[in-house]
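Working through the structure, step by step
So you can see what is in the structure, the chains are spelled out below.
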Amino acid sequence: MARTLRIAVAQSTVPQDPTDRESLRTAGREIRALMGEAARVGARLVQFTEGALTYPSKHVMTARPGGHHVLADWSRAAWEVLREEAEAIARCAGTLGLWTVFGSIHPLTEPNRPHNSLYVVSDRGRLVARYDKRFLSHTEVSFLYSPGRDPLVVQVDGLRFGFALCIEARFPELFAEYERLDVDCVLLSVMADDASMAHLAQSYGTLYNYWVGYCVPAQYSATAPAGIVAPGGRWLTRAPGRGRPALAVADIDLDSQDPDIDAALRYARPWRRSARSGLYEGRIPVGDLRSETRTAF
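Structural notes, computed from the coordinates. It should be emphasised that the depicted structure is a prediction, and the values quoted were computed from it without experimental measurement.

Some thoughts on the environment of L187
- Counting through the fold element by element, L187 comes out in strand β10 (residues 185-189).
- Expressed as a C-alpha distance, the spacing of L187 and V9, which sit 178 residues apart in the sequence, is 9.0 Å.
- Ignoring anything within four residues of it in the chain, the contact list for L187 reads L45, Q47, V101, F161, G162, F163, A164 and G213.

Here's the deal with the layout of surface pockets
- Empty space within the largest pocket amounts to approximately 320 Å³.
- Around the largest pocket sit 15 residues that line it, and L82, R83, A86, Y119 and L127 are the ones nearest its centre.
- At the level of elements, α3 (79-96), β5 (99-106) and β6 (115-121) are the ones that each hand at least two residues to the lining of the largest pocket.
- The greatest single-element share of the lining of the largest pocket, amounting to six residues, is contributed by α3.

Notes on α3
- The first and last C-alpha atoms of α3 sit 26 Å apart over 18 residues, in line with the 26 Å expected at 1.5 Å per residue.
- Within α3 the residues assigned to the buried category are V81, L82, E85, A86, A88, I89, A90, C92 and A93.
- Buried-residue contacts for α3 involve α1 (21-40), β5 and β6.
- Among the residues trailing α3, G97 stands out with phi positive, at a value near 65°.

Examining the sheet that holds β6
- Pairing is mixed in the open sheet, where six strands are placed in the order β7-β6-β5-β2-β1-β14. One side of each edge strand has no neighbouring strand; the edge strands of this open sheet are β7 (127-132) and β14 (246-253). The mean inter-strand angle of the sheet, taken between neighbouring strand axes irrespective of direction, is 25°.
- Here strand β1 (residues 4-11) pairs with β14 via eight bridges, running antiparallel. Opposite I7, over in β14, you have A250 as the bridge partner.
- Sheet strands touched by α3: β5 and β6. Its angle to β5, the strand with the most contacts, is close to 175°.

A closer look at the sheet that holds strand β9 (residues 159-165)
- Taken in spatial order, the six strands line up as β8-β9-β10-β11-β12-β13 in an open sheet, and their pairing is mixed. Only two strands of the sheet have a single neighbouring strand rather than two, namely β8 (153-156) and β13 (235-238). The mean angle between the axes of side-by-side strands here comes to 20°, regardless of whether they run parallel or antiparallel.
- As defined by bridge partners, strand β12 (residues 227-229) adjoins β13 across three bridges and the pair is classed as antiparallel. The residue bridging V229 from the neighbouring strand is W235, located in β13.
- Packing of helix α6 (residues 195-208) onto the sheet brings it into contact with β10, β11 (211-215), β12 and β13, and relative to β11 it is tilted by some 170°.

Let's talk about the nonpolar core
- Grouped together as the largest cluster of nonpolar side chains are 56 residues, with contacts concentrated most on F161, F163, F175, L188, Y210, W211 and Y214.
- Those residues within four positions of F161 in sequence are excluded, and the remaining contacts are L5, I7, L45, L152, V153, V154, V156, V183, C185, L187 and I252.

Digging into the packing of aromatic side chains
- On inspection of all chains with the given rule, the structure shows eight aromatic pairs.
- Taken together, a centroid distance of 6.1 Å and an interplanar angle of 45° make the contact between W74 and W79 tilted.
- Grouping aromatic residues by their ring pairs yields a cluster made of F175, Y204, Y208 and Y210.
- Positioned above the aromatic ring of W235, the side-chain terminus of R238 is 3.7 Å from the ring centre.

Brief notes about the pairing of β6
- Buried residues dominate β6, accounting for seven of its seven residues.
- Of the two faces of β6, both are covered, the one formed by H115, S117, Y119 and V121 as well as the one formed by N116, L118 and V120.
- Relative to β6, β5 runs antiparallel, the two being bridged by seven bridges. Considered in β6, the bridge of V101 is made with V120.
- Judged from the five bridges that link them, β6 and β7 form a sheet pairing that is antiparallel. For Y119, the partnering residue across the bridge sits in β7 and is R130.
- Counted between consecutive antiparallel strands, the loop separating β6 from β7 contains five residues, among which G125 sits at a positive phi close to 80°.

So, how was this worked out
Residues numbered from 1 in each chain as written. Predicted model: local features only at pLDDT ≥ 70, side-chain atom pairs only at ≥ 80, totals over all residues. Heavy atoms only, no water. Helix = DSSP H or I, 4+ residues; strand = E, 2+ residues; numbered from the N terminus. Contact = heavy atoms within 4.5 Å. 1 Å grid on protein atoms, 1.4 Å probe; cavity = no way out; pocket = protein on both sides within 12 Å on 5 of 7 lines; lining within 4 Å. Points joined across faces, edges and corners; volume = space filled by probe spheres on them. Expected span 1.5 Å × (residues − 1). Buried < 20%, exposed > 50% of the residue type's maximum accessible area, 1.4 Å probe, protein only. Pairing = 2+ DSSP bridges. Axes fitted to C-alpha atoms, helices over the stretch in contact; angles between N-to-C directions. Core = buried A, V, L, I, M, F, W, Y, C linked by side-chain atoms within 4.5 Å. Phe/Tyr/Trp six-rings, centres within 6.5 Å; stacked < 30°, edge-to-face > 60°. Lys NZ or Arg CZ within 6 Å of the ring centre and 35° of its normal.

So this is what it looks like as structure tokens:
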């Protein structure tokens, strides 16, 4: 079973109007072009950002005069175009032999609102899983989306991947959950012009000693470009922060000889698991102590 897998994290240009058919088709073409680039550099998996096909702006879908918001009218979205582009991306993944993860809105039966989702397409061009964003912003949960319920772990060439979306970076319990689920990498896809999100991605690589794919849209890359964090928290690679489509590419190597990664995988991660699993039970002093006052010397 493979112990190394090359991933590419893609900065694509994300449209924010799901009613604009041409912008959705343009986004699909750009995604497929970046998939081709990822395949040419030997990637087995490519990650795209939240809403790669469309991330509907609240100003398009819910805003009304006077600064008020109303429930989004999802009948306005070009659902047939979104489906056609998603299917074209899946066919491209099968042609390239490339696992592909990309964000879009996912329709539910009325009167339910759609999910904000990540689609996972296999290297055979089949939709094999979908991650539905579980923690939403106030606007998202009030006017736009239905929340998801469950974590998602997908195995690719023997390596285990977890998934998270944007504001979920601010909920560390999700990333602790993926550590308990024994993932090798979490793919964090973000639609935010916010450098602190990149700092959080690094923090989770430091705290939980797995790889983190951090993905942002091209239009926000000048603030904090896409990249890949190694176990231990070091950036392995970053895409150019020039506001244009690009890739960041690195290998996930479970047998890495890099001293930082080796220490994180071989020592830090197992030790922290041991510390959390009851290592200290029976080791805390009890009985007649020399001093009962914690502030005494």
